[in-house]
Amino acid sequence: MTIIEKILSQKAVRITPMRQLLLEYLLQEQKPFGLTELENSFPKADRTTIYRTLKTFEEKGIIHSIYNKLGEVKYALCKEHCTTEHIDQHPHFQCEQCKQVTCIDNLVIPKMELPKGYLVQEITMLIKGICSDCQQ
Ligand SMILES: [Zn+2]
Ligand SMILES: [Zn+2]
Ligand SMILES: [Zn+2]
C-alpha cells in the first residue's frame, strides 16, 4: 500500500485515480495552492472534477481551505490527526510582498466563548506581514 492509499483509506475516502493524483501533488508541494494552480498542473483534468475532489478532501479532513482578504481560496494539507471537524485549526500568514500563504500550524487558535445561541462553524485567523524569504 502506498502512502497515498494509506491516507485515503485512513480518512475513509474511496480511492480513484484523480484523488490519488491530487493527493500526490499536494504531498509533494507542501504549500497552500489555489484551484487555478491545480488546473494548470493537471491540464487534462476537468475543472469540476478537481473542485469536487478538493471538496471531498476538505470534508474528510485531508485538506483545509484558507481565505485571504480578496476572498480567494487556497487549500493546504491538514495534519495527520485532523478529523472531519477540522480540529487542527491554526492561523495563516499571508506575505504582502510575494502573496504566499503559509500555515502557522505550531500555533493554535484559542477557544472563544460566544454569546448564548451562537453556533460556530469556522474560525479563521489571517496574519498579514512580510515572510522570511522576502526580508532577505
Ligand atoms: Zn483540518
Ligand atoms: Zn514573501
Ligand atoms: Zn493551514
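This one's a predicted model, so the numbers in the text were calculated from it and none came from an experiment.

(A) Highlighting a nonpolar patch on the surface. A contiguous nonpolar surface patch, about 320 Å² in accessible area, is contributed by Leu 114, Tyr 118 and Val 120. Following the sequence through the fold, Tyr 118 ends up in the loop between strand S5 (101-103) and strand S6 (126-129).

(B) Geometry of the packing of aromatic side chains. In this structure the tally under the stated criterion is three aromatic pairs. Between the aromatic rings of Tyr 25 and Phe 33, the centroid separation amounts to 6.5 Å while the plane-to-plane angle is 85°, which identifies the pairing as edge-to-face. The pair formed by Tyr 25 and Phe 33 is uniform in burial state, with each residue classed as buried. Through a chain of ring-to-ring contacts, three or more aromatic side chains come together here, namely Tyr 25, Phe 33, Phe 42 and Tyr 75.

(C) Representation of the sheet that holds S6 in the model. An order of S5-S4-S6 is seen for the three strands of this open sheet, with the pairing classed as mixed. With partners counted over all chains shown, the strands left at the sheet margins are S5 and S6, one partner each. Averaged over all adjacent pairs, the angle separating strand axes in this sheet is 25°, with direction ignored.

The rules behind the values
Residues numbered from 1 in each chain as written. Chains lettered and ligands numbered in written order. Predicted model: local features only at pLDDT ≥ 70, side-chain atom pairs only at ≥ 80, totals over all residues. Heavy atoms only, no water. Patch = residues over 30% accessible without salt bridge, like charges linked within 9 Å, V, L, I, M, F, W, Y side chains within 5 Å. Areas by Shrake-Rupley, 256 points an atom, 1.4 Å probe, with all protein chains shown as cover. Salt bridge = Lys/Arg side-chain N within 4 Å of Asp/Glu carboxyl O. Helix = DSSP H or I, 4+ residues; strand = E, 2+ residues; numbered from the N terminus. Phe/Tyr/Trp six-rings, centres within 6.5 Å; stacked < 30°, edge-to-face > 60°. Buried < 20%, exposed > 50% of the residue type's maximum accessible area, 1.4 Å probe, protein only. Pairing = 2+ DSSP bridges. Axes fitted to C-alpha atoms, helices over the stretch in contact; angles between N-to-C directions.

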